[in-house]
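A structural walkthrough
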Amino acid sequence: MLKPGMYLQGRYEIIEKIGSGGMADVYKARCHTLNRLVAVKVLKEEFSSNESFVNRFKMEAQAAARLSHPNIVNVYDVIDEGDSHYIIMELIEGITLKSYIAKKGRLEVKETIGIAIQVAQGMSAAHQHNIIHRDIKPQNIIVSRDGKVKVADFGIARAASSNTQDLNAMGSVHYISPEQAKGEPVDARSDIYSLGITMFEMVTGRLPFDGENTLSVAMAHLENPITPPKVCNPDIPESLEQIILKCTEKRPEDRYGSAEEVIADLRRALINPYGNHPLASVKKAKSKKAKSHQEKEETEQENSSDSEIKPKPEKPRERAQMDISHQLERIFAVTGVVAAILIVAVLVFVVLRVGGLMFFRPSVSNPEGQESAVSQAQVTTAALADGQVYMPYVVGLSQEDARVLLENSGLSMTVSSVETSDRYPAGYVMAQTYPEGTVLERNTAVSVKVSRGTGTVDLTALGLEGMEFQAAKTLLTQKNLVVASTEENSDTMPAGNVISYSPQVLREGETVTLTVSSGPALIPVPDITGATPEAANALLTEQGFVPEAAGSDYSSDVEEGMVFNQTVAAGTTAPRGTVVQYTISLGPEETLIGKTHYIGSIDREYKLSLNYGPGYAETSMRIVIRLRQEVDGKVVYRNLIEPRTVVGDSVVPISFSRIEGADGVEEGTVELVDLDEDKVLVSYPVSFFKTEE
């Protein structure tokens, strides 16, 4: 027994147990070498203690590990640790096809074909490597959350079937081929038979053969003809029915010869499900060829018999006698059936004449796909007066079929309620007010209850993530769900939108909790004044802000080369990712008399509405006016005014009678900058002249 936290090979960390089957337990684990999640399948003790089985299993698992296909669950590794044996496999997030069928009752035709094509593609890839699965069934087919279908346990089933002929050990007897049931050698056509049974179950919601024990089911595979799928589901197109029937022929030579042939016909059926299909003619040709071959063999046997040294003249006579006996048996059988039919007809006529009306309840399919109990000849004992009718049985019928049956019986139908039901699918009658056989006045309105289905709501298909909260709440309320919410900060999801939800699947009337974004978390801005630019960058980045140098300026308080100003004040809060600009000190400005200076001036004004329009009159922004110059090939900024907040329709004066530039630099640019948007609104060139003071 593996436990969470245990390691295999110092590499695979066990996380949790996620399943158990007839041969193995399955655990979720993390491969720390490749940093990925995997499934670990651990053989159970009764198999691990069988040395011949283990050797066979290891060989087959290693062969399966060579398979790499999108529709096959990949085998990564096979591990032995003492008496324990593990398979490291691809971890698929999803459910088995068996569970999926049980959840939906039966699948739509296109969905069935799509799944069958993917399964057949996986089978084809394995067959090309001479690997036969031997246990194709819905329990070994996984439907992932993204709709990809994968076949599991290649190699494991082969090892099991080689180890024992016990039908239980070979997996579910409901899906095995006739040759498997007889213990004969199998090939790719055996997998094709099992795929045909699986397709039958997908489109009908039931299995074609059932019995009290494995032996009776196995015998049904050998002897009983398969029920045409359209009998269980009339909506199945003939093309798909032909494919299923061809896959499930008793003799392997009458089936498809390869998975590729199955795929080709499935694709044709997907494109044109109700069109002409070549399967029937192919089957007839094969049957004719087989019959011709059989007649040829019989002729050769007769010729060979005639040419023997010691002929036995009595054999042709015996054969003729046997043929006559068989013919007589068939004649007697047919005569008996005809006589029985005539007797029943006479009895029915007498009952109709003497006892009144006879009521027949039609055969209908219930939600489980089984034939409902049918009262084929229930003769009521109560006498009917004029204007009276009997109440028919409508539970299990679709709402429309029930209405038609009641109207044909002289009654009308009203729906008293629509309720959830785990037994009846949506739109089917789940209860009737009057019991079957009740005598009612003609035109009586009969009330019935109609199912709305299980009432289960799958939220994964609604696209709730990213939806605005009120819209999501309205949608869920319309589906009869109770909505609760909780807030959570998010750097990626806009405030007021749904981040996640829980649970994913629930019933009507239950509560779903939406986690709604409250926007980015506000965090305090650190104080970077007096720090080096490198230290300021590191501190701002660590706290989740974006640092940006905004030039340099003279400062009598801060040492040259250190940060002396920041655009977002220390201690205030701002969202993660906010840009924080800072200015680097040039040290104290020299004021010695006789020193050479480069002086410029400017007298302008700028209307912010030119950039933002009059709609910004009620808003505010942070601006700064700065001087931009190139000194020794580097861009240097110096603030002419400190950052300040102004309203959006302000007229900003850009008027400076004395601007001192860098030594030796005769030109520059005065810029008006919107710090909130981090963009230059306007810039003016300025010339500088050398003076001595």
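Described below are features of the structure shown in this document.

Conventions and cut-offs
Residues numbered from 1 in each chain as written. Predicted model: local features only at pLDDT ≥ 70, side-chain atom pairs only at ≥ 80, totals over all residues. Heavy atoms only, no water. Phe/Tyr/Trp six-rings, centres within 6.5 Å; stacked < 30°, edge-to-face > 60°. Lys NZ or Arg CZ within 6 Å of the ring centre and 35° of its normal. Salt bridge = Lys/Arg side-chain N within 4 Å of Asp/Glu carboxyl O. Buried < 20%, exposed > 50% of the residue type's maximum accessible area, 1.4 Å probe, protein only. Helix = DSSP H or I, 4+ residues; strand = E, 2+ residues; numbered from the N terminus. Core = buried A, V, L, I, M, F, W, Y, C linked by side-chain atoms within 4.5 Å. Contact = heavy atoms within 4.5 Å.

1. Let's talk about the packing of aromatic side chains
Tallying each qualifying case throughout the model produces zero aromatic pairs. For the cation-ring pair, R36 lies above Y76, with the distance from its terminal atom to the ring centre recorded as 3.8 Å. Taking NZ or CZ as reference, K246 lies 5.5 Å from the ring centre of Y256, over its face.

2. Digging into the pattern of salt bridges
For the structure shown, the criterion picks out 19 salt bridges. Salt-bridge contacts for K137 lead to D135; the nearest nitrogen and oxygen are separated by 3.5 Å. The pair K137 / D135 is uniform in exposure class, with both members buried. The residue E508 makes a salt bridge to R452 at a minimum N-O spacing of 3.4 Å. Of this pair, E508 sits in the loop between β18 (505–507) and β19 (511–517) while R452 sits in the loop between β14 (445–451) and β15 (456–458), and the two are 56 residues apart along the sequence. Taking the relative accessible area as the measure of exposure, E508 reaches 26% and is therefore partly exposed.

3. Digging into the nonpolar core
If you look at the biggest cluster of nonpolar residues, it comprises 60 residues, and the most contacted ones within it are L97, M199 and L266. It is helix α4 (residues 109–127) that provides the largest number of residues to this core, a total of 10 residues. Not counting residues within four places of it along the chain, the set of residues in contact with L97 comprises L107, I115, P138, I141, V143, T198 and M202. Judged by nonpolar contacts, the second largest core, of 23 residues, contains Y612, M621, Y684 and V686.

4. Things to note about unusual backbone geometry
Cis peptide bonds are those with omega within 30 degrees of zero, and the linkage from S502 to P503 qualifies with -5°. In this fold, P503 is placed in the loop between β17 (498–502) and β18. Within the chain, N480 stands out as a residue other than glycine whose phi angle is a positive 65°. Turning to its location among the elements, N480 is positioned in the loop between α15 (469–478) and β16 (482–488).

Any functional reading would require information beyond the geometric quantities listed.
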